[in-house]
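Each chain, letter by letter, is given below.
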Amino acid sequence: MLNNKKLIGILLGGIVISSLIAYSLFNGTNNVVKIAVNETISWTGRVFSEPVSMVVQFVNSVDDLVNTFEENEALKSKIDKSYEMQVRIADLETENEKLRQELDLSETLSKFTSIHGTVISRNPDQWTETLIINLGSKQGMEENMAVMAGNGLIGRIIEVYPSSSKVLLLTSNQSKDGMVSARVQTDKDGSSAIGVISDYDPKDKEFIMTQVLPDAKVKAGDMVITSGLGGVIPSSLFVGEVTQTEMDAQGLFQTVRVKPAGEMTDIRFVTVILREGAQQDE
């Protein structure tokens, strides 16, 4: 144990040191003790303030990222809506154009009784073969009635249901039932060449007209219409325009390539030619 003299010495030393420190602090002089104390306090403050500053900066950065993310999501939503609106506008413009084509077609078919319909189903696997329209026996539909779209003939009805009908397209390569007797208007005075629309070239998107007599003066630009000779499709329905001609492999007939006048791909609206005497239900 410490004796009394040593203990008293330690206490006196502590008092002296404390007095010196207090004197230095309150005296206002820049002595070594005061500088050391200030440096210690300053260093301690920096030690504790740096982590706090880093935490504050991190929190601010996270907050900025959250705000940026929310702004990006809001902008993406607006962009998506803008794209959707553009698509919708483009689709409506297409529909309006096709409706105008059907109205123009109605004017050219003034001598026929016709009814307008809409395509309600088209199987992707049978895209160039058949489609379903929203007209059936209730609207006076019958098998073999001619169906037009755009400005020309596209096919005929092959099956009829109460409220819908199936249409066999002229672009069909699976069924020969879609063949149509046609006539090429070779001269303005009414001269013509008879043949049959018997095939379709999907690559060039043209009808193939066969059995045209070799001496018929058919040329590019001539109009092709239905002849009515088949007893199924009425005459004078527009089919298309001649693009070129050539002799067949046997050299017996001409083969005529015809650019379709009707809409053959994006078919949305149709016009059905009713038979003479057929009545449309109101």
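Residues numbered from 1 in each chain as written. Predicted model: local features only at pLDDT ≥ 70, side-chain atom pairs only at ≥ 80, totals over all residues. Heavy atoms only, no water.

**Here we look at the overall build of the protein chain**
The helix and strand inventory of the protein chain stands at two helices and twelve strands. Ordered by position from N to C terminus, the α and β elements of the protein chain give α-α-β-β-β-β-β-β-β-β-β-β-β-β. Looking at the protein chain residue by residue over its 282 residues, the buried ones come to 30%. For the protein chain, the share of sequence-separated contacts (at least 6 apart) that also reach a separation of at least 24 residues comes to 58%. Accessible surface, the protein chain: about 17,900 Å² in total, of which carbon and sulfur atoms supply 57%. (Helix = DSSP H or I, 4+ residues; strand = E, 2+ residues; numbered from the N terminus. Buried < 20%, exposed > 50% of the residue type's maximum accessible area, 1.4 Å probe, protein only. Contact = heavy atoms within 4.5 Å. Areas by Shrake-Rupley, 256 points an atom, 1.4 Å probe, with all protein chains shown as cover.)

**Things to note about the nonpolar core**
One finds L153, M209 and V272 to be the most contacted residues of the largest nonpolar core, which totals 42 residues. Not counting the four nearest positions on each side in its chain, V272 is found in contact with T113, S114, I115, I133, L135, M141, M145, A146, V147 and I157. (Core = buried A, V, L, I, M, F, W, Y, C linked by side-chain atoms within 4.5 Å.)

**What to know about the pairing of strand β12 (residues 269–274)**
The buried fraction of β12 amounts to six of the six residues, a majority that puts the element mostly inside the structure. The two faces of β12 match: F269, T271 and I273 on one face and V270, V272 and L274 on the other face are all buried. Relative to β12, strand β3 (residues 146–149) runs antiparallel, the two sharing two bridges. By the bridge assignment for β12, M148 is matched with T271. (Pairing = 2+ DSSP bridges.)

**Topic: the sheet that holds β12**
The strand order β1-β2-β5-β4-β3-β12 describes a closed barrel built from six strands, whose pairing is antiparallel. The sheet shows a mean angle of 45 degrees between the axes of neighbouring strands, direction not considered. (Axes fitted to C-alpha atoms, helices over the stretch in contact; angles between N-to-C directions.)

**Considering the pairing of strand β1 (residues 113–121)**
Across six bridges, the pairing between β1 and β12 is antiparallel. When the sheet's bridge partners are listed, S114 is paired in β12 with I273. Bridge count between β1 and strand β2 (residues 130–133): two bridges; the pairing is antiparallel. Bridge assignment links S121 to a residue of β2, and that residue is I132.

**Structural notes on the pattern of salt bridges**
For side chains of opposite charge, pairing can occur when their charged atoms come near one another. Throughout the structure, instances matching the rule amount to six salt bridges. Across the pair R257 and E206 runs a salt bridge, and its minimum N-O distance is 2.7 Å. One end of the pair, R257, is in strand β11 (residues 254–260); the other, E206, is in strand β8 (residues 206–212), and 51 residues separate them in sequence. Given the relative accessible area of 12%, E206 is considered buried. (Salt bridge = Lys/Arg side-chain N within 4 Å of Asp/Glu carboxyl O.)

**A short note on the sheet that holds strand β10 (residues 238–247)**
With antiparallel pairing, six strands are arranged side by side around a closed barrel as β6-β7-β8-β11-β10-β9. Each strand axis lies, on average, 45 degrees off the axis of its neighbour in the sheet, ignoring direction.

**Some details on the packing of aromatic side chains**
Summed over the entire model, instances satisfying the criterion amount to one aromatic pair. Directly above the aromatic system of W127 lies the positively charged group of R122, at a separation of 4.1 Å from the ring centroid. (Phe/Tyr/Trp six-rings, centres within 6.5 Å; stacked < 30°, edge-to-face > 60°. Lys NZ or Arg CZ within 6 Å of the ring centre and 35° of its normal.)

**Some details on the side chain of T171**
Residue placement: T171 occurs in the loop between β5 (165–169) and β6 (180–185). Given a relative accessible area of 2%, T171 falls into the buried group. The residues contacting T171, other than those within four sequence positions of it, are T128, Y200, F207 and M264.

**Here's the deal with the confidence of the model for the protein chain**
Looking at the protein chain as a whole, the pLDDT averages 78, with 63% of positions reaching at least 70. Taken element by element, the predicted model of the protein chain shows its lowest mean pLDDT in helix α1 (residues 4–27) (62) and its highest in β5 (96). For residues 277–282, every residue scores under 50 in pLDDT, and the model assigns this stretch eleven contacts once sequence neighbours within four places are set aside. (pLDDT = per-residue confidence, 0-100.)

**What about the environment of D266?**
In this fold, D266 is placed in the loop between β11 and β12. Take D266: its relative accessible area is 31%, and that puts it in the partly exposed class. Counting along the chain gives 116 residues from D266 to G150, while the straight-line C-alpha distance between them is 10.0 Å.

**Brief notes about the environment of V160**
Structurally, V160 can be placed in strand β4 (residues 152–160). You can call V160 partly exposed: its relative accessible area is 26%. For the pair V160 and L135, spaced 25 residues apart in sequence, the C-alpha to C-alpha distance is 8.5 Å. Look past the residues within four positions of V160 in its chain and what remains in contact with it is G136, S137, M141, E142, E143 and S165.

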